[in-house]
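Coordinate inspection notes
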2 protein chains.
Amino acid sequence: MTDKASKHQQRQQKLKEKVDSKVAQAQIERGVLLVLTGNGKGKTTAGFGNVLRAVGHGQSAAVVQFIKGMWDCGERNVLQNLGVQFEVMATGFTWETQNKEKDIAAAEKAWAQAEIWLQDPSIQLVLLDELTYMLSYHYLDVDRVLEVLAKRPEHQHVIITGRQAHRRLVEMADTVSDVQPTKHAFEAGIKAQKGFDY
Amino acid sequence: MTDKASKHQQRQQKLKEKVDSKVAQAQIERGVLLVLTGNGKGKTTAGFGNVLRAVGHGQSAAVVQFIKGMWDCGERNVLQNLGVQFEVMATGFTWETQNKEKDIAAAEKAWAQAEIWLQDPSIQLVLLDELTYMLSYHYLDVDRVLEVLAKRPEHQHVIITGRQAHRRLVEMADTVSDVQPTKHAFEAGIKAQKGFDY
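These numbers were taken from a predicted model, which means no experiment stands behind them.

1. Here we look at the interface of chain A and chain B
- Listed by partner, the interface residues are 82 residues for chain A and 82 residues for chain B.
- Between chain A and chain B, roughly 7100 Å² of surface is buried when both sides are summed, and carbon and sulfur atoms account for 59% of that area.
- Along the contact surface separating chain A from chain B lie 4 salt bridges.
- A salt bridge links Lys191(A) to Glu29(B); its shortest N-O distance comes to 3.8 Å.

2. Describing the side chain of Thr45(B)
- The residue Thr45(B) is located in helix α2 (residues 43-56) in this model.
- Exposure remark for Thr45(B): the relative accessible area of 4% places this residue in the buried category.

3. Quick notes on the nonpolar core
- Core analysis: the largest hydrophobic core is formed by 42 residues, its most contacted members being Val51(A), Val84(A), Val51(B) and Val84(B).
- With near-sequence residues (within four places) excluded, Val51(B) lies in contact with Ala61(B), Val63(B), Leu79(B), Val84(B), Leu125(B) and Leu127(B).

4. Examining the packing of aromatic side chains
Residue and element names in this part refer to chain A.
- Summed over all chains, the structure comprises 4 aromatic pairs over all chains.
- Considering the side-chain rings of Phe48 and Phe86, the 6.2 Å spacing of their centres and the 15 degrees angle between planes classify their relative orientation as stacked. With Phe48 in helix α2 (residues 43-56) and Phe86 in strand β3 (residues 85-88), this pair connects stretches of sequence that are 38 residues apart. Like Phe48, the residue Phe86 is buried in the burial classification.
- Here Lys41 stacks its cationic end above the ring of Phe196, 4.7 Å away from the centre of that ring.

5. Digging into the relation of the copies chain A and chain B
- Rotating chain A by 180 degrees and moving it 0.0 Å along the rotation axis overlays it on chain B with an RMSD of 0.0 Å. Overall, the copies show the geometry of a two-fold rotation axis.
- In this assembly, 99% of the residues forming the interface of chain A have copies in chain B that are likewise at the interface, indicating an isologous arrangement.

6. Considerations on the sheet that holds strand β2 (residues 61-65) of chain B
- With mixed pairing, the 12 strands of this open sheet are ordered in space as β3(A)-β2(A)-β4(A)-β5(A)-β1(A)-β6(A)-β6(B)-β1(B)-β5(B)-β4(B)-β2(B)-β3(B). For this open sheet the edge positions go to β3 of chain A together with β3 (85-88) of chain B, each flanked by a neighbour on one side alone. Sheet twist, expressed as the average angle between the axes of neighbouring strands with direction ignored, equals 15 degrees.
- Sheet strands in contact with α2(B) are β1 (33-37), β2, β3, β4 (125-129), β5 (157-161) and β6 (175-183) of chain B, and its direction is about 160 degrees off that of β4(B).

7. A few points about the packing of α2(A) against helix α3 (residues 74-81) of chain B
- As a packed pair, α2(A) and α3(B) sit with axes 7 Å apart at the nearest point and diverge in direction by 90 degrees. Accordingly, the angle class assigned to the pair α2(A) and α3(B) is roughly perpendicular. Residues Gly49(A), Leu52(A), Arg53(A), Val55(A) and Gly56(A) of α2(A) lie in contact with α3(B), whose contacting residues are Gly74(B), Glu75(B), Asn77(B), Val78(B) and Leu79(B).

8. Here we look at the pattern of salt bridges
- Scanning all chains against the criterion turns up 20 salt bridges over all chains.
- Among the ionic pairs, Asp197(A) bridges to Lys41(A), the shortest N-O distance being 3.8 Å. Within this pair, whereas Asp197(A) is found in the segment after β6 (175-183), its partner Lys41(A) is found in the loop between β1 (33-37) and α2, the two being separated by 156 residues in sequence.
- Lys41(A) gets classed as buried once you look at its relative accessible area, which sits at 12%.
- A salt bridge links Arg53(B) to Glu75(A), with the nearest nitrogen and oxygen atoms 2.6 Å apart.

9. Section: the confidence of the model for chain A
- Per-residue pLDDT for chain A averages 90, and the proportion of residues at 70 or more is 93%.
- The ipTM value of the predicted complex is 0.88, and its pTM value is 0.89.

10. A look at helix α7 (residues 142-150) of chain B
All names here are of chain B.
- Taken together, the buried positions of α7 are Val142, Val145, Leu146, Val148 and Leu149. Buried residues in α7, looked at end-on, bunch into an arc of 160 degrees, giving them a common side.
- Buried residues belonging to α7 abut β1, α5 (100-117), β4, α6 (131-136), β5 and α8 (167-172).

11. Here we look at unusual backbone geometry
Residue and element names in this part refer to chain B.
- Although it is not a glycine, Glu130 adopts a positive phi angle of roughly 70 degrees.
- Relative to the elements of secondary structure, Glu130 occurs in the loop between β4 and α6.
- Non-glycine residue His138 carries a positive phi angle of around 60 degrees.
- You can call His138 exposed: its relative accessible area is 63%.

What counts, and at which threshold
Here, residues in each chain are numbered from 1, in the same order as that chain's written sequence. Just so you know, chain letters begin at A and ligand numbers begin at 1, following the order they were written in. Local features in a predicted model are, by the rule used here, given only for residues with pLDDT of at least 70; side-chain atom pairs are given and counted only at 80 or more, and totals for whole chains, interfaces and linings are based on all residues. Derived side-chain values reflect all non-hydrogen atoms in the structure, with water molecules and hydrogen atoms excluded from consideration. Every residue pair with non-hydrogen atoms within 4.5 Å of one another is taken to be in contact. Buried area is calculated as the accessible area (1.4 Å probe) missing from two parts once they are joined, with the contributions of both summed. Salt bridge, as applied in this entry: a Lys or Arg side-chain nitrogen positioned within 4 Å of an Asp or Glu carboxyl oxygen. Every helix listed is a DSSP run of H or I at least four residues long, and every strand listed is a run of E at least two residues long, numbered separately from the N terminus. Between buried and exposed lies partly exposed: a residue is buried under 20% and exposed over 50% of the maximum accessible area for its type, with that area taken using a 1.4 Å probe on protein chains only. What makes a nonpolar core is a set of buried Ala, Val, Leu, Ile, Met, Phe, Trp, Tyr and Cys residues whose side-chain atoms join them at distances within 4.5 Å. Pairing of aromatic rings covers Phe, Tyr and Trp, the last through its six-membered ring, and needs centres within 6.5 Å; plane angles under 30 degrees mean stacked, over 60 mean edge-to-face, and all others mean tilted. Lysine and arginine charges are scored as sitting over a ring when NZ or CZ, respectively, is within 6 Å of the ring centre and within 35 degrees of the ring normal. Fitting of the copies onto one another was done by least squares over C-alpha atoms, counting residues only where both copies have pLDDT of at least 70. Each pair of strands is called paired provided DSSP finds at least two bridges between the two strands. The angle between two axes is taken between their N-to-C directions and runs from 0 to 180 degrees, where each axis is a line fitted to C-alpha atoms and a helix contributes only its stretch in contact. The scheme is simple: roughly parallel for angles under 35 degrees, roughly antiparallel for over 145, roughly perpendicular for 65 to 115, oblique for anything else. pLDDT: the predictor's confidence for each residue, scored from 0 to 100. Think of the arc as the fan of directions from the helix axis to the C-beta atoms.

So, in structure tokens, the structure goes:
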């Protein structure tokens, strides 16, 4: 082995030991609350990608979409066929409805279904897509949401997506990823494209 | 309508106008190069979530996994059944192989397949999962990678994931999301769990 190759091997061995030791220390097994927030692209796709991962391992998952786009949802088409249960809030983006009472009623209805799934230990993963807006617009009560999350089955994972996650949601979460937009094609005049952006 | 409801409607109307005007300005339609980087959880799941979205709209996609885990891959199980093509680099995490020559040969082989897909206009989305490490470890040449990306079919989207994306990759990309780990369950002693973390 050359000297350079040997140094590479030593470096990689050290890295392996560091990783192995961290892995050995992490032994708790329980449901994780993951919050995907920030203004960058990738929060909802990461949520659905995690649902896909669960389903790929034969686990059961349920999805509540708190802001329904105008469009057909590519992810929903596939995942429903794979047995994932869906609840879609019956309203468009909130700045298109301009009717607060109607929005609140729709949010309450979607949350009622979320509560049922958040008490069902047979569901291993619940994705609450775009839930953060329901809290920042005060459509749902944060105390109620946090209480239901805290009382959920021990091994149930929950993923919450959306910009500006509530401070108390971040505090309660086990893992929080802040997706920052270093840049976005939209700002360069590229339109949202079907199959990629929605 | 109450005064408060009317104010809410006015605010939402302004927001709608702002969004509509931005949407009207973004009219270019072409393949987007998306880089998902940073140390937080959600990069690979966002990549696979985007593949799921494309497939859900009847589009074709291909995936190259540049770092293969030890484990069974939940996403791959499902997506292969849905017609997504896969190329998996024939080695484990690089800090577990400790053999640079073998790693480089494996990277070259995976990249050769990537090059074929990056010249095929019938493939609408190519996911190059964990490609960034191949550049930071100098397993692949950055000039060659950027040239192939630049020459790809006009309407083909490409997603590249992994930590510490190369500066020139970030420069070339249309959209870059930097996924920051505000916190991670692993640090609190929670182990990586099948169906959620892998």
